[in-house]
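Chains, contacts and geometry: an overview
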Amino acid sequence: MGVRKDSAVAGERGARARHRTSPSREPDEELMRALYREHAGPLPAYVLRLVAGDRQRAEDVVQETLIRAWKNAGRLSRATGSLRPWLVTVARRIVIDGHRSRQARPQEVDPSPLEVIPAEDEIDKALWLMTLSDALDDLTPAHREVLVETYFKGRTVTEAARTLGIPSGTVRSRVFYALRSMKLALEERGVTA
């Protein structure tokens, strides 16, 4: 039966305790080197399964796990046995926290497609309204008022008839002839459908 890798970390911890006065290496640095040597393969493989094969995310999780190990080096150096269960638990919690934060926060939308959409030009809108108003002035008052009631105010034929005090059939007839006249007035001004 061979020596487990976990015992190598424990052995290095003992050696580190004996060399605390060594100026060349800090105890935290030795712990991190030992953690990396022992867990550089298994930890990323475990995390890769947790994140469904997303290598970039797995690397980020492993890096965050090792940073937390470094921040807790004083506590971890006093631990006995393998640190793998601690590392695996921390990595799993980081993945869970990341999943929860993505669910709680709405997905961000890339604004670049909005930059391609042309903004509505107010000058064109103003010119169109001026042309439309000018063309309406060419209509007879009777035709103008039925178009205003039906198209611009959004009333039905019955509502327009009630408002204008004329029969519904007259409203329909006037709308028909008013639209024909309006089309001609707009074509005279260079507006085509």
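Residues numbered from 1 in each chain as written. Predicted model: local features only at pLDDT ≥ 70, side-chain atom pairs only at ≥ 80, totals over all residues. Heavy atoms only, no water.

1. Details of unusual backbone geometry
- Its identity is not glycine, yet A52 carries a phi of approximately 55 degrees, on the positive side.
- Along the polypeptide, A52 turns up in the loop between α3 (42–50) and α4 (55–71).
- Relative accessible area serves as the criterion here: at 73%, A52 is assigned to the exposed category. (Helix = DSSP H or I, 4+ residues; strand = E, 2+ residues; numbered from the N terminus. Buried < 20%, exposed > 50% of the residue type's maximum accessible area, 1.4 Å probe, protein only.)

2. Digging into the packing of aromatic side chains
- Tallied over the full model, the rule gives one aromatic pair.
- Seen in terms of ring centroids, F176 and Y177 are 5.0 Å apart; in terms of plane orientation they differ by 85 degrees. Their pairing is edge-to-face. (Phe/Tyr/Trp six-rings, centres within 6.5 Å; stacked < 30°, edge-to-face > 60°.)

3. Section: the side chain of T150
- Along the polypeptide, T150 turns up in helix α9 (residues 141–152).
- Looking at T150, its side chain comes within polar contact range of the main-chain oxygen of V146, at 2.7 Å.
- Dropping the residues within four chain positions of it, T150 is found in contact with R155, A160, V171 and V175. (Polar contact = N/O pair within 3.5 Å; in protein donor to acceptor, adjacent residues only side chain to side chain. Contact = heavy atoms within 4.5 Å.)

4. Regarding the confidence of the model for the protein
- Residues with a pLDDT of 70 or more make up 79% of the protein, whose mean pLDDT is 79.
- The least confident element of the protein, judged by mean pLDDT, is helix α1 (residues 5–18) at 46; the most confident is helix α10 (residues 157–164) at 94.
- Note that pLDDT drops below 50 for residues 1–25; the model gives that stretch 23 contacts with residues more than four away or on any other chain. (pLDDT = per-residue confidence, 0-100.)

5. Quick word on the packing of α9 against α10
- The geometry of α9 relative to α10 is characterised by a closest axis approach of 9 Å and an angle of 130 degrees between their N-to-C directions. On the basis of the axis angle, α9 is oblique to α10. The interaxial crossing formed by α9 with α10 has right-handed handedness. For the pair formed by α9 and α10, the contact residues are E145, V146, E149 and T150 on the first element and A160, T163 and L164 on the second.
- Across the contact of α9 with α10, the residue classes tally to three nonpolar, two polar and two charged. (Axes fitted to C-alpha atoms, helices over the stretch in contact; angles between N-to-C directions. Parallel < 35°, antiparallel > 145°, perpendicular 65-115°, else oblique. Left-handed = near helix turned anticlockwise from the far one by under 90°. Nonpolar A, V, L, I, M, F, W, Y, C, P; charged D, E, K, R; others polar.)

6. Considerations on the pattern of salt bridges
- Within this structure, the stated rule accounts for five salt bridges.
- As a salt-bridge pair, D138 and R189 come within 2.6 Å of each other at their nearest N and O atoms. Remark: R189 occurs in the segment after α11 (168–188) and D138 occurs in the loop between α8 (122–137) and α9; sequence separation between them is 51 residues.
- Judged by its relative accessible area of 46%, D138 is partly exposed. (Salt bridge = Lys/Arg side-chain N within 4 Å of Asp/Glu carboxyl O.)

7. What to know about the packing of α8 against α11
- Between α8 and α11, whose axes approach to 9 Å, the crossing angle comes to 125 degrees. It follows from the interaxial angle that α8 and α11 lie oblique. For α8 against α11, the interelement crossing comes out right-handed. The segment α8 lies against α11, with W128, T131, L132, A135 and L136 engaging M182, A185 and L186.
- For the contact of α8 with α11, the residue count by class is seven nonpolar, one polar and no charged.

8. With respect to the nonpolar core
- Core analysis: the largest hydrophobic core is formed by 21 residues, its most contacted members being L31, L35, L43, V47, V61 and A69.
- L139, I166, V171 and V175 belong to the second largest nonpolar core, which has 15 residues in total. (Core = buried A, V, L, I, M, F, W, Y, C linked by side-chain atoms within 4.5 Å.)

9. Quick notes on the environment of W128
- By the element assignment, W128 lies in helix α8.
- With a relative accessible area of 39%, W128 lands in the partly exposed category.
- In contact with W128, other than residues within four places in its own chain, are L186 and V191.

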